[in-house]
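Secondary and tertiary structure notes
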Amino acid sequence: MDNGHIPPPPGQGPSLNPFGAYQPTIEDLRAGFGIRLGALVIDGVITAIVAGILTFALSTLELPMPEILVESQDALDEAFKILNLSGDKESFISSLIVGSSYASAITAVLYMLIEGLTGASLGKRILKLTVARADGTAGTQSLFLSRMFVKNSDRILHLMAILPLLTFLSGPVESASSIIGFVLFIGCFLALGRNRLALHDMVVKTAVFKTSDVRYE
């Protein structure tokens, strides 16, 4: 070895990679289907707990029965007869069903507003995810709200269907809610693709990222 030439320390010599250092694409930085599903599961557990607590609290109040439940009252009465339930038990279960209807509506609104106003649901926050623009730059509240309305359009229609002032439209509105909900459900699996964008992300031009990967300009 030439004493006048000292080789560089390991790892500090010239790069042997002819293509240079790897730079992740914007698609690589977007959150994949798996971690987004994990956030959804966490949200589901949290909302189920909150809805359960609200159900028991609201069941003690004499709330009007939503029109959707009124239409299924005959089926409920038939089920009570088959189960041979007494008047007190029948009344208790009916109050739980009514309370559950309102509790699910309240928790759905709260869930939508948390993500719509802040850009991240509780599940996303726990997994350190957030909604941003599709190019990775930080989103605005108006963008978050737009995404919220598109993503939850079926839930919003369902909530409209149980409002007392819109009972005359409950049937058509509920049917539209079911169709849109099915389309959005299928659209969620588009996040399995290379772009990692669900249908509602494509419509509003958003994506989900790790909070550390979002660029603030």
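Scope of this entry: the structure provided in the associated data block. Keep in mind that what you see is a predicted model, and the values were worked out from it rather than measured. (Residues numbered from 1 in each chain as written. Predicted model: local features only at pLDDT ≥ 70, side-chain atom pairs only at ≥ 80, totals over all residues. Heavy atoms only, no water.)

**Considering the pattern of salt bridges**
Using the following cut-off: Put simply, a salt bridge is a Lys or Arg side-chain nitrogen that is within 4 Å of an Asp or Glu carboxyl oxygen. Only runs of H or I of at least four residues qualify as helices and only runs of E of at least two qualify as strands under DSSP, and these elements are numbered from the N terminus.
Per the stated rule, a full pass over the model turns up six salt bridges. Of the charged contacts, one joins glutamate 115 and arginine 147 as a salt bridge, the two residues approaching to 3.6 Å between their closest N and O atoms. Within this pair, whereas glutamate 115 is found in helix α5 (residues 87–118), its partner arginine 147 is found in helix α7 (residues 141–151), the two being separated by 32 residues in sequence. Linked through salt bridges whose partners overlap, the residues forming this network are Arg36, Glu115, Lys124, Arg147, Lys151 and Asp201.

**Some thoughts on empty space enclosed by the protein**
Taking a probe equal in size to a water molecule and rolling it over the atoms shows the remaining empty space. This is how it is decided: Two kinds of site are reported from a 1 Å grid over the protein atoms alone, namely cavities, where a 1.4 Å probe fits but cannot get out, and pockets, open sets with protein on both sides within 12 Å along at least five of seven lines, and residues are called lining when an atom falls within 4 Å of a point. Grid points are joined across faces, edges and corners, and a volume is the space filled by probe spheres set on the points. Asp, Glu, Lys and Arg are counted as charged, while Ala, Val, Leu, Ile, Met, Phe, Trp, Tyr, Cys and Pro are counted as nonpolar; the rest, among them Gly, fall into the polar class.
Within this structure, the stated rule accounts for one cavity of 30 Å³ or more. Lining the largest cavity are Glu115, Gly116, Val131, Phe144, Arg147, Met148 and Asn152. Ranked by the residues each element gives to the lining of the largest cavity, the list is headed by α7, at three residues. Here the lining of the largest cavity is built from residues that sort into three nonpolar, two polar and two charged.

**Points about the layout of surface pockets**
Empty space within the largest pocket amounts to approximately 540 Å³. Lining the largest pocket are 19 residues, with Leu40, Lys151, Leu184, Cys188 and His200 positioned closest to its centre. Breaking the lining of the largest pocket down by element, the ones donating at least two residues are α2 (33–58), α7, α8 (153–161) and α9 (170–188). Of the voids in this model, the second largest pocket is the one considered here, and its volume is about 220 Å³.

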